[in-house]
Amino acid sequence: MIPYKSPTFKTTAFNCPHCGAFSNQFWSDTYFNSNSNGFYNITSLKYAQCTHCVQYSLLHREKMIYPLTGGTALPNNDLPDDVKSDYEEARTIVNQSPRGATALLRLAIQKLCIHLGEKGRNINEDIKNLVEKGLPIKVQQSLDIVRVIGNNAVHPGQIDLTDDVETASKLFVMINIIAEVMITQPKEVDKLFNSLPENQLEGIKQRDSK
Ligand SMILES: [Zn+2]
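Residues numbered from 1 in each chain as written. Predicted model: local features only at pLDDT ≥ 70, side-chain atom pairs only at ≥ 80, totals over all residues. Heavy atoms only, no water.

Novice: Before we go on, may I ask you to explain helix α5 (residues 165-194) in this structure?
Specialist: It helps to recall that an α-helix has 3.6 residues per turn; residues three or four apart then point in one direction. When the terminal C-alpha atoms of α5 are compared, their 42 Å separation across 30 residues agrees well with the 44 Å that a helix rising 1.5 Å per residue should span. E180 marks where α5 bends most, by close to 40 degrees. (Helix = DSSP H or I, 4+ residues; strand = E, 2+ residues; numbered from the N terminus. Expected span 1.5 Å × (residues − 1). Bend = angle between axes of the 7 residues up to and from the residue.)

In structure tokens, the structure reads:
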């Protein structure tokens, strides 16, 4: 799993909200040009430029105001398109509407379960089955704590008044972890295995069939 450092004020490097790279950030002050009186420093507004993609972020009073996706990681590339689009939409609204974002993310987890071969009707059952297929039990426990599953679960897509940015942030991370463990890693292992020499693979097959 790629480590993720969310953008914070004046840190020299973080994961760029545009390109996702962990990159150095070039910080500048911002100025307001008053024609008659010259330039004024807008002290509450800072400009950070990514040295990797050259795109910029704006932080107002230490909070990212551009791009809107702020401090959330890009979605795992192996997520199916419908889950990815829910995830992306949730990223763009999380700071303005954490409750809306969280509702979308719960829905995204349900869709991801269906993509992973589960029924999508009872998310408790689906996650339990995924644990049997190799999802770490701690992911299941974490999903319980953020009320995706368990006795206090909120129905996918439903707005819950107590959801906040922190809950949403955890759900972004968990969706990427589920994708990493259940899709990306098996894919990488398959790729590695298939690149092994034919005669050695044959030997392994014979050993395993004994
Ligand atoms: Zn960048």
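Novice: Whenever I open this one, the nonpolar core confuses me. Can you help?
Specialist: Counting 33 residues, the largest nonpolar core has L143 and I175 as the members making the most contacts within it. Broken down by element, the residue count for this core peaks at 10 residues, all from α5. (Core = buried A, V, L, I, M, F, W, Y, C linked by side-chain atoms within 4.5 Å. Buried < 20%, exposed > 50% of the residue type's maximum accessible area, 1.4 Å probe, protein only.)

Novice: Would you take a moment to explain unusual backbone geometry for this structure?
Specialist: A negative phi angle characterises most non-glycine residues, just as the trans form characterises most peptide bonds. Cis geometry marks the peptide bond from Y66 to P67; its omega dihedral reads -10 degrees. With respect to the element layout, P67 can be found in the loop between β5 (63-66) and α1 (81-93). Here V54, not a glycine, exhibits a phi torsion of approximately 70 degrees, which is positive. One non-glycine residue, R147, adopts positive backbone phi at about 60 degrees. Among the secondary structure elements, R147 is positioned in the loop between α4 (137-145) and α5.

Novice: Looking at this structure, I do not really get the pairing of β5. What am I missing?
Specialist: Where a strand is regular, its side chains alternate between the two sheet faces. Where strand β4 (residues 56-60) and β5 come together, 3 bridges link them in antiparallel fashion. Across the sheet, residue L58 finds its bridge partner in β5, namely Y66. The turn joining β4 and β5, which pair antiparallel and follow one another in sequence, is formed by 2 residues; a positive phi near 45 degrees is taken by R61. (Pairing = 2+ DSSP bridges.)

Novice: Could you clarify how one ought to interpret the packing of helix α3 (residues 123-132) against α4 in this entry?
Specialist: Two numbers describe how α3 lies on α4: the axes approach to 9 Å, and their chain directions differ by 160 degrees. The angle between α3 and α4 places the two elements in the roughly antiparallel class. Both α3 and α4 take part in a crossing whose hand is right-handed. Across from I127, K128 and V131 in α3, the residues of α4 making contact are I137, Q140 and L143. (Axes fitted to C-alpha atoms, helices over the stretch in contact; angles between N-to-C directions. Parallel < 35°, antiparallel > 145°, perpendicular 65-115°, else oblique. Left-handed = near helix turned anticlockwise from the far one by under 90°. Contact = heavy atoms within 4.5 Å.)

Novice: Help me understand the packing of aromatic side chains, please; the structure alone is not making it clear to me.
Specialist: Aromatic ring pairs are defined here through the distance separating the ring centres and the angle between the ring planes. Taken as a whole and judged by the stated rule, the model has 5 aromatic pairs. Taking 5.2 Å as the distance between ring centres and 35 degrees as the angle between the ring planes, the aromatic pair formed by Y56 and Y66 counts as tilted. Here the residue Y56 occupies a position in strand β4, and Y66 occupies one in strand β5, the gap between them amounting to 10 residues. We classify Y66 as partly exposed; its relative accessible area is 34%. (Phe/Tyr/Trp six-rings, centres within 6.5 Å; stacked < 30°, edge-to-face > 60°.)

Novice: Sorry, what's going on with the coordination of the zinc ion here?
Specialist: Four donors placed tetrahedrally around a metal ideally meet at 109.5 degrees, and six donors placed octahedrally ideally meet at 90 or 180 degrees. Bound to the zinc ion are the protein donor atoms C16 (SG), C19 (SG), C50 (SG) and C53 (SG), situated 2.3 to 2.4 Å from the metal. Coordination at the zinc ion is tetrahedral, judged from the 4 donor atoms that bind it and the angles of 106 to 115 degrees they form at the metal. Counting along the primary sequence, the residues that act as donors to the zinc ion give the motif C-x2-C-x30-C-x2-C. Here C16, found in the loop between β1 (13-15) and β2 (22-34), pairs with C53, found in the loop between β3 (38-50) and β4; they are 37 residues apart in sequence, far enough to count as distant. On the basis of relative accessibility, which here comes to 23%, the residue C53 falls in the partly exposed class. (Donors = N, O, S within 2.8 Å, 3.2 Å for Na, K, Ca; no water. Tetrahedral: all angles 85-135°; square planar, octahedral: opposite > 155°, others 65-115°.)

This is a description of form; function is not addressed.
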